[in-house]
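An overview of the molecular structure
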Amino acid sequence: MQDNRLIAPAWSGDAEEFVRVEEIVKIYGDTVAVQSVSLSVRRREIFALLGSSGCGKSTLLRMLAGFEEPTSGRIYLDGEDITALPPYRRPVNMMFQSYALFPHMSVQANVAFGLKQEGVAANEIHDRVFEALDLVQMAGFSRRKPHQLSGGQQQRVALARSLVKRPKLLLLDEPMSALDKQIRQKTQIELTKILEQVGVTCIMVTHDQEEAMTMADRLAVMTEGQIVQCGTPHDVYTFPNCRFVAGFIGSTNLFDGAIVVDEADHVLIETDQLSRPLYVNHGVNEPLGMDVHVSVRPEHIRVQREQPEAEHNWAHGMVSHVAWMGGYVRYQIRLDSGLLIEASIPAMMLAQADAPAVDEEVYASWASDAATVLPS
């Protein structure tokens with residue numbers, strides 16, 4: 001029977017704060033890498049720090065691990081201030097992007113290494129190592145060396161090595177970057193299931209929006225050392241709070257304009273990119289006349305040959321590119337204004353022989369509740 005000591009007790013549903021970062025700043029010379037970042041992570045949560053290279057996410061992760069010292073600010077883990085604790089005194093383990101497996105050691109020896117350094121008894125090391133290897137389905141590869149494993153198998157070994165010490169907090173640095181796309185998509189789901197089974201609190205860093213959206217319970221979008229939005233993947237995708245987030249999470253069509261009508265249930269936005277104002281059927285916080293952006297996701301764009309009957313939210317253009325992507329068809333349409341927009345149409349809704357083709361005139365339209373108004 002499997003030893004379940006690695007698996008945490010069932011969660012009662014209490015979303016208590018487990019990690020708290022307060023006004024963390026990290027400065028290297030004249031460069032501010034992290035600017036007054038505050039966040040909280042719940043117990044047993046998988047939390048993603050998402051952003052492009054150089055945004056400060058890896059620096060923040062290294063401060064959580066203790067490899068970098070904050071210039072100012074505090075870090076708390078399970079109620080304890082760990083800001084000044086060295087890495088070896090923190091109940092934290094970090095899985096590196098390169099996996100950092102010892103090439104001359106077997107899988108079993110790699111996973112056992114940290115426990116041996118701590119002086120754990122040999123029989124306990126054996127039990128805990130195989131408990132961890134069973135969890136990641138690698139017990140049958142215990143005698144192999146890292147070079148005899150695939151990239152996905154090496155990742156599983158690295159995860160087992162991180163979990164075998166039973167950390168309170170697991171940090172993942174770009175955990176899927178070494179895997180090709182097909183393996184990466186499968187491994188994202190498998191890794192999430194393992195983390196949920198173990199019940200460890202996890203903070204991961206990634207530049208891959210799909211990875212963050214697939215794995216994380218919540219995510220924080222970072223740019224220029226700051227968190228610009230934090231929330232569930234659904235909320236951040238559906239309700240981006242600024243132009244950067246709208247463009248970074250998924251793809252979107254952005255129209256620039258100014259509010260010309262502001263009613264309780266809708267606004268009209270004048271834009272040079274369309275021949276008629278945009279109609280958005282919900283209120284905004286920006287005042288009349290304010291410059292704004294309007295985001296419409298490609299999956300909300302309809303493409304048709306006939307002119308829509310609606311007064312607003314459509315445009316005439318020419319198909320400039322068509323790509324059949326399997327489950328959906330991606331259209332690029334050059335509007336009369338010159339703006340290039342993108343539409344994603346489910347393939348089952350289009351018969352390939354009858355679908356609008358390149359250089360064909362079409363109309364693009366969208367519902368009034370499909371648009372999100374963003375501050376300029």
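Residues numbered from 1 in each chain as written. Predicted model: local features only at pLDDT ≥ 70, side-chain atom pairs only at ≥ 80, totals over all residues. Heavy atoms only, no water.

With that out of the way, let us pick up the environment of isoleucine 341. Following the sequence through the fold, isoleucine 341 ends up in strand S18 (residues 340-346). The exposure class of isoleucine 341 is buried, given its relative accessible area of 2%. Considered as a pair, isoleucine 341 and isoleucine 259 are 82 residues apart in the sequence and their alpha carbons are 21 Å apart. Look past the residues within four positions of isoleucine 341 in its chain and what remains in contact with it is Asn253, Phe255, Tyr331, Gln332, Ile333, Leu335 and Ala364. (Helix = DSSP H or I, 4+ residues; strand = E, 2+ residues; numbered from the N terminus. Buried < 20%, exposed > 50% of the residue type's maximum accessible area, 1.4 Å probe, protein only. Contact = heavy atoms within 4.5 Å.)

So, on to the layout of surface pockets. Estimates place the volume of the largest pocket at around 660 Å³. For the lining of the largest pocket, the elements supplying multiple residues, two or more each, are strand S6 (92-95), helix H2 (107-117) and helix H4 (151-163). Among the elements that line the lining of the largest pocket, the one with the most residues is H2, at 5 residues. A per-class count over the lining of the largest pocket returns 17 nonpolar, 4 polar and 5 charged. Computed from the structure, the second largest pocket encloses a volume of approximately 390 Å³. Gln209, Glu210, Gly250, Ser251 and Tyr328 are, among the 14 residues lining the second largest pocket, the residues nearest its centre. Where the lining of the second largest pocket is concerned, the elements lending two or more residues are helix H6 (209-215), strand S17 (328-335) and S18. Among the elements that line the lining of the second largest pocket, the one with the most residues is H6, at 3 residues. Both of domain 1 (17-243) and domain 2 (255-375) provide at least three residues apiece to the lining of the second largest pocket. (1 Å grid on protein atoms, 1.4 Å probe; cavity = no way out; pocket = protein on both sides within 12 Å on 5 of 7 lines; lining within 4 Å. Points joined across faces, edges and corners; volume = space filled by probe spheres on them. Nonpolar A, V, L, I, M, F, W, Y, C, P; charged D, E, K, R; others polar. Domains from an automatic or database assignment.)

With that settled, consider the environment of arginine 276. Inspection of the secondary structure puts arginine 276 in the loop between strand S12 (267-270) and strand S13 (278-280). With a relative accessible area of 19%, arginine 276 lands in the buried category. Excluding anything up to four places from it in sequence, arginine 276 contacts Glu311, His312 and Trp314. Only 2.8 Å separates the side chain of arginine 276 from the side chain of serine 275, close enough to count as a polar contact. (Polar contact = N/O pair within 3.5 Å; in protein donor to acceptor, adjacent residues only side chain to side chain.)

Within the fold, aspartate 291 resides in strand S14 (residues 291-296). Remark: the alpha-carbon pair of aspartate 291 and alanine 246, spanning 45 residues in sequence, is separated by 17 Å.

Split into domains, the chain comes out as domain 1 (17-243) and domain 2 (255-375). The C-alpha centroid of domain 2 is placed 39 Å from the C-alpha centroid of domain 1. On the side of domain 2, 7 residues touch domain 1, which itself brings 7 residues to the contact. Regarding the contact of domain 1 and domain 2, the summed buried area is about 590 Å², with carbon and sulfur atoms giving 48% of it. In terms of surface lost to domain 2, no three residues of domain 1 exceed Tyr237, Pro240 and Arg243, which account for 77% of the buried area on that side. For the side of domain 1 that touches domain 2, the element with the most residues is helix H7 (residues 233-238), which contributes 3 residues. When the residues that make up the side of domain 1 that touches domain 2 are grouped by side-chain class, the tally is 4 nonpolar, 2 polar and 1 charged. (Buried area = accessible area lost by both parts, 1.4 Å probe.)

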